[in-house]
Amino acid sequence: MRAASYRASLRLISAGDLVIQWMKVSTGDPSVHSFYRKEPQTDHQDHLEPQDPRFKGRTALFRDQIVRGNVSLKLERVEIPDEGTYKCYASIKEGSSHEAHIKLKVDAPVLKVDIQQAENKITCSSEGIYPEPQLTWSIDPPPNETLHIKTTVHQTEQKLYNISSSLNVKVTDVTYNCTVSTGRNKMAATLFKQTSLSGSSKETTMRCTSSKSPPTGLIWRFNHSQIIVSDGSVREEWMQQVKSVSTSGNLTLKDLSTENDGIYTCELRNADGTYVTNTFLRIEHSQGNVSNLIYIVIIPIAIVVAVGMLVYCKKKKVCCSKDPGESGEPEELTGMNKNEDKQ
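What comes next is a walk through the structure.

## Comments concerning the overall build of the protein chain
Phase 1: The secondary structure content of the protein chain amounts to 2 helices and 24 strands.
Phase 2: For the protein chain, the proportion of contacts with a sequence separation of at least 24, taken over those separated by at least 6, is 56%.
Phase 3: Total accessible area on the protein chain stands at roughly 22000 Å², and carbon and sulfur atoms take up 51% of it.

This is how it looks when you write it as structure tokens:
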């Protein structure tokens, strides 16, 4: 809620006694701001002794414009109880006076709508709103059965409204849209149907939804709870996997393993609303990695076989060799006979 200005004008002369009084029209008409100027003094004096304590430190006049007839009031840090009708009274010594009534409407617009999914439950919520908001759902394509929707509205001590609504879903292959409105403004949040992606362990890019307006906020989550990136800042535990985040919100990961399989959620906010996309990522290892694994396994096996053959050959005292100069027929070697040795 921003500062408000309530304007009243009076054709004044630059000299003469002057009285300006602002009051809120209610029981007792509490004083909001008082100003007196008495000739021949030239100082412009605020008289705030009778001011209602609720307005202390929040009011001011446009002092340099009073001589031109601008007796407007500026009210800062506007609150819900400030809503109502205000009366301005201004008079000068010569008898000229002016009185005006101005009705102030306080507005705390819908600035953000959150939509989240946890298992089969989707929740939409928004906070700090005035006047009391309404929440509506739309589903594309429309469901064949009636949805059980539970909506609650709570008003805080500051008279602002918080609203929350949830529904249980049986299918995820649809798009859910939630809109929160006050009659003066509205904001929406969209949860798109989940998509699947087979990614490379070396590098994989996941996309956010396309948006006409530039993002004002961006959060990437893993399995709905673990934050990867929040408004441009990468969490420490994901530093090794996050390669880049594009200006449109797309996330590029690197050096992935099967432990990184799961659901990646992009929550993108802009002037039009909130957009949430879920991507189920499954990591596929490249063939090069498989080949290397095969070589690593085969080479030790080959070495073991070769050593086994050499040991067997030595025990038998038989060796097979091939003379490069021969025709290719194996050379026959005969071991020493024990009977011949006796002779």
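## Details of the environment of Ala100
Phase 1: Mapping Ala100 onto the fold places it in strand 8 (residues 97-104).
Phase 2: Each C-alpha atom, one on Ala100 and one on Cys88, is 5.2 Å from the other, the two residues being 12 residues apart in sequence.
Phase 3: Not counting residues up to four positions away in its chain, the partners in contact with Ala100 are Tyr86, Lys87 and Cys88.

## Topic: the state of the cysteines
Linking two cysteines covalently via their sulfur atoms produces the bond known as a disulfide.
Phase 1: This structure, assessed with the given rule, holds 2 disulfides.
Phase 2: Two residues share a disulfide in this structure: Cys124 and Cys178, whose sulfurs sit 1.9 Å from each other. Around the S-S axis, the bridge from Cys124 to Cys178 shows a dihedral of about -75° and counts as left-handed. Here Cys178 lies in strand 14 (residues 175-181) and Cys124 lies in strand 10 (residues 121-129), a separation of 54 residues in the sequence.

## What about the sheet that holds strand 22 (residues 251-254)?
Phase 1: Taken in spatial order, the 3 strands make up an open sheet running 17-22-21, and their pairing is antiparallel. The sheet is open, and its two edges are formed by strand 17 (203-206) and strand 21 (242-245), each paired on a single side. Direction aside, the axes of adjacent strands within the sheet are offset by 15° on average.
Phase 2: Pairing of strand 21 with strand 22 involves 3 bridges; the strand directions are antiparallel. Within strand 22, the residue paired with Val245 across the bridge is Leu251.

## Considerations on the sheet that holds strand 10
Phase 1: Pairing in this open sheet of 4 strands is antiparallel, and the strands run 9-10-13-12 from one edge to the other. A single partner strand is all that each edge strand has here, and the edge strands are strand 9 (114-118) and strand 12 (149-155). This sheet shows a mean twist of 15° between the axes of neighbouring strands, independent of strand direction.

## Describing the packing of aromatic side chains
Phase 1: Taken as a whole and judged by the stated rule, the model has 6 aromatic pairs.
Phase 2: Ring centres of Tyr130 and Tyr161 lie 6.2 Å apart, and the angle between their planes is 20°; on these two criteria the pair is classed as stacked. On the criterion of sequence distance, the pair formed by Tyr130 in the loop between strand 10 and strand 11 (134-140) and Tyr161 in strand 13 (residues 161-168) is long-range, its members being 31 residues apart. For the pair Tyr130 and Tyr161, a shared accessibility class is recorded, and that class is buried.
Phase 3: Taking 5.5 Å as the distance between ring centres and 65° as the angle between the ring planes, the aromatic pair formed by Phe222 and Trp238 counts as edge-to-face. Here the residue Phe222 occupies a position in strand 18 (residues 217-222), and Trp238 occupies one in the loop between strand 20 (233-234) and strand 21, the gap between them amounting to 16 residues. When sorted by exposure, Phe222 lands in the same class as Trp238, which is buried.
Phase 4: Pairwise contacts between aromatic rings join Phe222, Trp238 and Tyr264 into one cluster.

## Things to note about unusual backbone geometry
Phase 1: Of note, the amide linkage connecting Tyr130 to Pro131 takes the cis form, showing an omega dihedral of 0°.
Phase 2: Position of Pro131 among the secondary structure elements: in the loop between strand 10 and strand 11.
Phase 3: With omega at -5°, the peptide bond leading from Asp140 into Pro141 counts as cis.
Phase 4: For Pro141, the location among the structural elements is in the loop between strand 11 and strand 12.

## Concerning the side chain of Ser166
Phase 1: Along the chain, Ser166 falls in strand 13.
Phase 2: The residues contacting Ser166, other than those within four sequence positions of it, are Lys121, Ile122, Thr123, His148, Ile149 and Lys150.

## What about the nonpolar core?
Phase 1: Residues Ile20, Trp22, Leu61 and Tyr86 are the most contacted members of the largest nonpolar core, which totals 24 residues.
Phase 2: Those elements giving two or more residues to this core turn out to be strand 2 (18-24), strand 3 (31-37), strand 6 (73-75), strand 7 (84-92) and strand 8.
Phase 3: Broken down by element, the residue count for this core peaks at 4 residues, all from strand 7.
Phase 4: Apart from the residues within four sequence positions on either side, Tyr86 is in contact with Trp22, Met23, Lys24, Val25, Val32, Phe55, Leu75, Ala100, His101, Ile102 and Leu104.
Phase 5: One finds Ile163, Val174, Tyr176 and Leu191 within the second-largest nonpolar core, a separate group that totals 20 residues.

## Some words on the environment of Thr252
Phase 1: Tracing the backbone shows Thr252 in strand 22.
Phase 2: Counting along the chain gives 10 residues from Thr252 to Val242, while the straight-line C-alpha distance between them is 6.2 Å.
Phase 3: Once you skip the residues sitting within four places of it in the chain, Thr252 turns out to touch Glu203, Thr204, Thr205, Gln241, Val242, Lys243 and Ser244.

## What to know about the pattern of salt bridges
Phase 1: Applying the stated criterion to the full structure yields 9 salt bridges.
Phase 2: Residue Glu76 pairs with Lys74 through a salt bridge whose shortest N-O separation is 3.8 Å.
Phase 3: Residue Lys74 is classed as partly exposed on the basis of its relative accessible area, which comes to 34%.
Phase 4: Across the pair Glu203 and Lys243 runs a salt bridge, and its minimum N-O distance is 2.7 Å. Of this pair, Glu203 sits in strand 17 while Lys243 is found in strand 21, placing the two residues 40 residues apart along the sequence.
Phase 5: Taken together, the salt bridges that share partners define one network made up of Arg221, Asp231, Glu267 and Arg269.

Scoring rules and cut-offs
Position numbers for residues count from 1 along each chain, tracking the sequence in the order it is written. Totals for whole chains, interfaces and linings use every residue, but because this is a predicted model, local features are given only for residues with pLDDT of at least 70 and side-chain atom pairs only at 80 or more, for both listing and counting. Note that the side-chain values use all heavy atoms of the structure and ignore hydrogens as well as water. Helix and strand labels come from DSSP, where a helix needs a run of H or I of at least four residues and a strand needs a run of E of at least two; each type is numbered from the N terminus. Here a residue-residue contact requires only that any non-hydrogen atoms of the pair lie within 4.5 Å. Areas reported here follow the Shrake-Rupley algorithm with a probe of radius 1.4 Å; residue values treat only the protein chains shown as occluding. In this description, the term disulfide denotes a pair of cysteine sulfurs within 2.5 Å. When DSSP finds two or more bridges between two strands, those strands count as paired. Here an angle of 0 to 180 degrees is reported between the N-to-C directions of two axes, which are lines fitted to C-alpha atoms, with helices fitted over the stretch in contact. By convention, a stacked pair of Phe, Tyr or Trp rings (six-membered ring in the case of Trp) has centres within 6.5 Å and planes under 30 degrees apart, an edge-to-face pair has planes over 60 apart, and any other such pair is tilted. Three exposure classes are used, based on accessible area relative to the maximum for each residue type with a 1.4 Å probe and protein chains only: buried under 20%, partly exposed in between, and exposed over 50%. We call a set of buried Ala, Val, Leu, Ile, Met, Phe, Trp, Tyr and Cys residues a nonpolar core when their side-chain atoms join them within 4.5 Å. In the sections that follow, a salt bridge refers to a side-chain nitrogen of Lys or Arg positioned within 4 Å of a carboxyl oxygen of Asp or Glu.

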